[in-house]
Amino acid sequence: MRLCLTKEAWNLIKRIPEISTAWINNEKMREQNYKEAVKANDLEALVAIIKMIYQRKQKRLAQGKKCTATDARYFQIVENLLYMELGAAIGKPQKRSV
């Protein structure tokens, strides 16, 4: 079973550049999308969200604005979920910082 998960994890990692961002302009819809992806633990959706939040953050910084609190909070949540799942699948669990 672990071998199967490992192959899936590496396949996902290889496809990261191909995964499109989950771009949503409406703030409420975007947060709902974040919540649904976290609840479903869909790794591809988590990657799409990370990519979207990163792009939004870069765009906002270029405009002299900060990242929104919602984006910052969900970026951390989604990033931790994705790293834990991938780490467990490939045998490299995430180390906790003290």
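Residues numbered from 1 in each chain as written. Predicted model: local features only at pLDDT ≥ 70, side-chain atom pairs only at ≥ 80, totals over all residues. Heavy atoms only, no water.

Q: Just checking my understanding: could you explain the side chain of Arg-30 for this structure?
A: Position of Arg-30 relative to the elements: it lies in helix α2 (residues 27-40). Polar contacts involving the side chain of Arg-30 include one to the main-chain carbonyl oxygen of Asn-25, which spans 3.4 Å. The contacts of Arg-30, once residues within four sequence positions are left out, are Ile-24, Asn-25, Met-52, Arg-56 and Asp-71. (Helix = DSSP H or I, 4+ residues; strand = E, 2+ residues; numbered from the N terminus. Polar contact = N/O pair within 3.5 Å; in protein donor to acceptor, adjacent residues only side chain to side chain. Contact = heavy atoms within 4.5 Å.)

Q: Looking at this structure, how should I read the environment of Ala-72?
A: In this structure, Ala-72 sits in helix α4 (residues 69-90). Overall, the relative accessible area of 38% leaves Ala-72 in the partly exposed class. Separated by 18 residues in the primary sequence, Ala-72 and Tyr-54 place their C-alpha atoms 9.5 Å from one another. (Buried < 20%, exposed > 50% of the residue type's maximum accessible area, 1.4 Å probe, protein only.)

Q: Help me out: how do you make sense of helix α3 (residues 43-62) in this one?
A: In an α-helix there are 3.6 residues to a turn, and that puts residues three or four apart on one side. With 20 residues, α3 ought to run about 28 Å at 1.5 Å a step, and its terminal C-alpha atoms sit 29 Å apart, in line with that. Buried residues of α3: Leu-46, Val-47, Ala-48, Ile-49, Ile-50, Met-52, Ile-53 and Arg-56, and no others. Measuring from the backbone nitrogen of Glu-44 back to the side-chain oxygen at the start of α3 gives 3.2 Å, which picks out Asp-42 as the cap. Taken from the residues just after α3, Gly-64 is the one with a positive phi, measuring 80°. (Expected span 1.5 Å × (residues − 1).)

Q: What's the story with the packing of aromatic side chains in this structure? I'm lost.
A: One pair of aromatic rings is described through two measures. These are the centre distance and the angle between the planes. Within the structure shown, the criterion is met by 1 aromatic pair. On the basis of an interplanar angle of 45° and a centroid distance of 5.1 Å, the ring pair of Tyr-34 and Tyr-74 is categorised as tilted. Residue Tyr-34 is located in helix α2, and its partner Tyr-74 is located in helix α4; the two are separated by 40 residues in the primary sequence. Comparing Tyr-34 with Tyr-74, the two get one shared label, buried. (Phe/Tyr/Trp six-rings, centres within 6.5 Å; stacked < 30°, edge-to-face > 60°.)

Q: I would appreciate a short explanation of unusual backbone geometry in the present structure.
A: A positive phi is found at Asn-41, a non-glycine position, where the angle reads about 55°. Tracing the backbone shows Asn-41 in the loop between α2 and α3.

Q: Teacher, can you tell me more about the nonpolar core here?
A: Nonpolar side chains in soluble globular proteins generally cluster together in the buried interior. The biggest cluster of nonpolar side chains holds 19 residues, and the ones touching the most others in it are Leu-12, Tyr-34, Ile-49 and Leu-82. Of all the elements in the fold, those that place two or more residues in this core are α1 (2-15), α2, α3 and α4. The element best represented in this core is α3, accounting for 7 residues. In contact with Leu-12, not counting residues within four places along its chain, are Ile-19, Leu-43, Glu-44, Val-47, Leu-82 and Leu-86. (Core = buried A, V, L, I, M, F, W, Y, C linked by side-chain atoms within 4.5 Å.)

Q: Is there a simple way to explain α4 in this structure?
A: In this model, α4 (22 residues) spans 32 Å end to end at C-alpha, consistent with the 32 Å of a helix rising 1.5 Å per residue. Listed as buried for α4 are Asp-71, Tyr-74, Val-78, Leu-81, Leu-82, Leu-86, Gly-87 and Ala-89. One or two steps after α4, the chain reaches Gly-91, where phi turns positive at roughly 80°.

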